[in-house]
Every structure is written in structure tokens, then in C-alpha cells.
Amino acid sequence: MLLENKVALVTGAASGIGRSIALTLARDGAKVLVTDRSVDAGEETVALVLKAGGVAKFCQLDAANPDDHWRAVAQAQEHFGGLHIACNNAGISVGPSKVYRRAAEIALEDWDQMLAINLSGVFYGLRAQIPAMIATGGGAIVNTASVMGQVAGQNLSAYVASKHGVIGLTKSAALDYASQGIRINAVGPGYIATPMLEFKDSATLHSLAAKHPMGRLGFPQEIAELAAWLSSDRASFVTGAYYPVDGGYLAQ
Ligand SMILES: NC(=O)c1ccc[n+]([C@@H]2O[C@H](COP(=O)([O-])OP(=O)(O)OC[C@H]3O[C@@H](n4cnc5c(N)ncnc54)[C@H](O)[C@@H]3O)[C@@H](O)[C@H]2O)c1
């Protein structure tokens, strides 16, 4: 199997894309530490992995809390003997006010939370994961960015800034560790049918789907397949790269 004998950690794995990544890495043979701030839904992901014949454990992690990342890495080492793969996927699309505003009108708490989870959360992940991977003899990290890491959208400044940041961080960190057997890449989903889009009405979902030349939203599994490949030794010469999975969104 593609990921046999590998140990993986996935953040934001209680839902949507992260859950699909966890299930797919486990399908391909990895032992998976499922992490999320949501305990019940995270345990559900573990149950789904076990039901499919895979190996997984849950560890609660708030991506915005640096200590949680150290704790999660320690749990992967303790339960599964090391760390080879990390998918830094936890993210939010709107701040606590749940309102999309123009740049100068964004509430500070919305800005702070967006950057803390979506961007600092990836940095906190890297600083805990990379030393563990070096100790294990190498590894691969896949960060979930977005098409909004390459282009922009109105009333999305905080999200867009956080995802552009994820791509920049991915590239720069990849250069820092390229000679030590750590590959670091980013994936860029277009609009994907997950609970993140649930609060949008059907007319909005329709118009979002129409922004993709393929005329539909993506599915979480379509991101997970790329994440699994990038995590595997088949991608052995791939680092510092950003791969859209967007039905043609960025080609326009
Ligand atoms: N769905 C889309 O259209 C889309 C498009 C591009 C990028 N993305 C990115 O994909 C990633 C996953 O999104 P999704 O669509 O699966 O969303 P989702 O809402 O279905 O899942 C996000 C998961 O992250 C968890 N999470 C949120 N904040 C957290 C925190 N502070 N600590 C730990 N876990 C936290 C949630 O509990 C949830 O389980 C995000 O980074 C998102 O920005 C999504």
C-alpha cells in the first residue's frame, strides 16, 4: 500500500476535507492521528477509519494553540512510533461575527481569529512536526490553502490574506528543509461541498458552482487523493509546490 508503515497527523479532521484526508491516508495504509477542536465529530472520523479497516486515534487540538501541536505530535510518537506525514488542514472561512465585510471594515476579532487558525495554525504545526519528522528520518507535509491563496474575492480579505500566507509559508519552509528529507507542499481547493459551505443558500451555491469551468463544486475526496499522493514517496521530487484542485477555477 502507498502509505504502509507511515504515521500521519491531520488537523481539522472532524469534517469535510480533513475527514476525507484522514480516511484516504488510512485507506492507503497510514496510521492516522485524527485531530480537531471538535471531540465528538473527531471521534466519529476515527470510528469511520476503524470501520473501514484502518488504524486511527483521536487527539483534541485547537490549531490556534501552539501547545496543542506539540501534544499532538507527542501522541503520534507515543501511539504509533513517529511521524512521517502531516496535513495542516484546519481552517475557517469567516470569523466569529459570521459577517463578510470590506477590508477596512473587518472586525479585529474576525481578523485575529482568521489569521490565528488559518495561518498561525499552520506555522505552529510546522514547528512541532518538522523536528519529529527529522527524528523519524524524513517526512511530507501538505498544507490546505485555497484558490484564494492565489487570487482574491470581494469581502474576503482576511481569508485571502491567510491563504496567500499559507502558500508563502509552504514555499519558504520547503526551502529551509529540502536538504533534510522533509517535503512541504500546499493544495488549493476550489469551492468544495463540505459543511463550510452549509450556511450558504442554494442560489449562492449555484453561483459558486458556476464559477468553476467544470460547472460544479468539488468533493472532499478530490482533495484527499492529491494530499495522499503528495504525502507518499511517489511525490519524492515534489516540494515547495502549490497544486490547485479547482475544476479549472484558476485557469480562467
Ligand atoms: N470547502 C471549501 O470550499 C474550501 C475551499 C478552499 C479551501 N478550503 C479549506 O479546506 C480546509 C477544510 O475546510 P472544510 O471545507 O473541510 O471545512 P469544514 O468546516 O467542513 O471542516 C473544518 C474542520 O476544521 C475544524 N476546525 C476549525 N477551526 C479549528 C481549530 N481552531 N482547531 C482545530 N480544528 C478546527 C472544524 O472543527 C472542522 O472539523 C480549510 O482550511 C478551508 O479553508 C475549503
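The sections below set out a description of the structure shown in this document. (Residues numbered from 1 in each chain as written. Predicted model: local features only at pLDDT ≥ 70, side-chain atom pairs only at ≥ 80, totals over all residues. Heavy atoms only, no water.)

**Digging into empty space enclosed by the protein**
Summed over the entire model, instances satisfying the criterion amount to 2 cavities of 30 Å³ or more. Considered as a void within the structure, the largest cavity measures approximately 130 Å³ in volume. Val99, Tyr100, Met114, Asn155 and Ala158 are, among the 15 residues lining the largest cavity, the residues nearest its centre. Listed by contribution, the elements that provide at least two residues to the lining of the largest cavity are α4 (108-136) and α5 (157-177). In terms of residue count, α5 provides more of the lining of the largest cavity than any other element does, 3 residues in total. (1 Å grid on protein atoms, 1.4 Å probe; cavity = no way out; pocket = protein on both sides within 12 Å on 5 of 7 lines; lining within 4 Å. Points joined across faces, edges and corners; volume = space filled by probe spheres on them. Helix = DSSP H or I, 4+ residues; strand = E, 2+ residues; numbered from the N terminus.)

**Some remarks on the sheet that holds strand β4 (residues 85-88)**
The 7 strands are arranged β3-β2-β1-β4-β5-β6-β7 in an open sheet whose pairing can be described as parallel. If you trace the sheet from one side to the other, it starts and ends with β3 (55-60) and β7 (242-245), each paired once. Along the sheet, successive strands turn relative to each other by an average axial angle of 20°, direction set aside. Relative to strand β5 (residues 139-144), β4 runs parallel, the two being bridged by 4 bridges. The residue of β5 that forms the bridge with isoleucine 85 is alanine 140. Here helix α3 (residues 66-80) sits on the sheet in contact with β1 (7-10), β2 (31-36) and β3, set at roughly 150° to β3. Strands in contact with α5 are β5, β6 (182-189) and β7; relative to β6, the strand with the most contacts, it is inclined by about 160°. (Pairing = 2+ DSSP bridges. Axes fitted to C-alpha atoms, helices over the stretch in contact; angles between N-to-C directions. Contact = heavy atoms within 4.5 Å.)

**Overview of the packing of α3 against α4**
Between α3 and α4, the least distance of the axes is 9 Å, while the angle of their chain directions is 35°. Note that α3 runs across α4; the crossing there is right-handed. Contacts between α3 and α4 involve Pro66, His69, Trp70, Val73 and Gln77 from the first element and Gly121, Tyr124, Gly125, Arg127, Ala128, Gln129 and Ala132 from the second. Partitioned by chemical class, the residues of the contact of α3 with α4 number 6 nonpolar, 5 polar and 1 charged. (Left-handed = near helix turned anticlockwise from the far one by under 90°. Nonpolar A, V, L, I, M, F, W, Y, C, P; charged D, E, K, R; others polar.)

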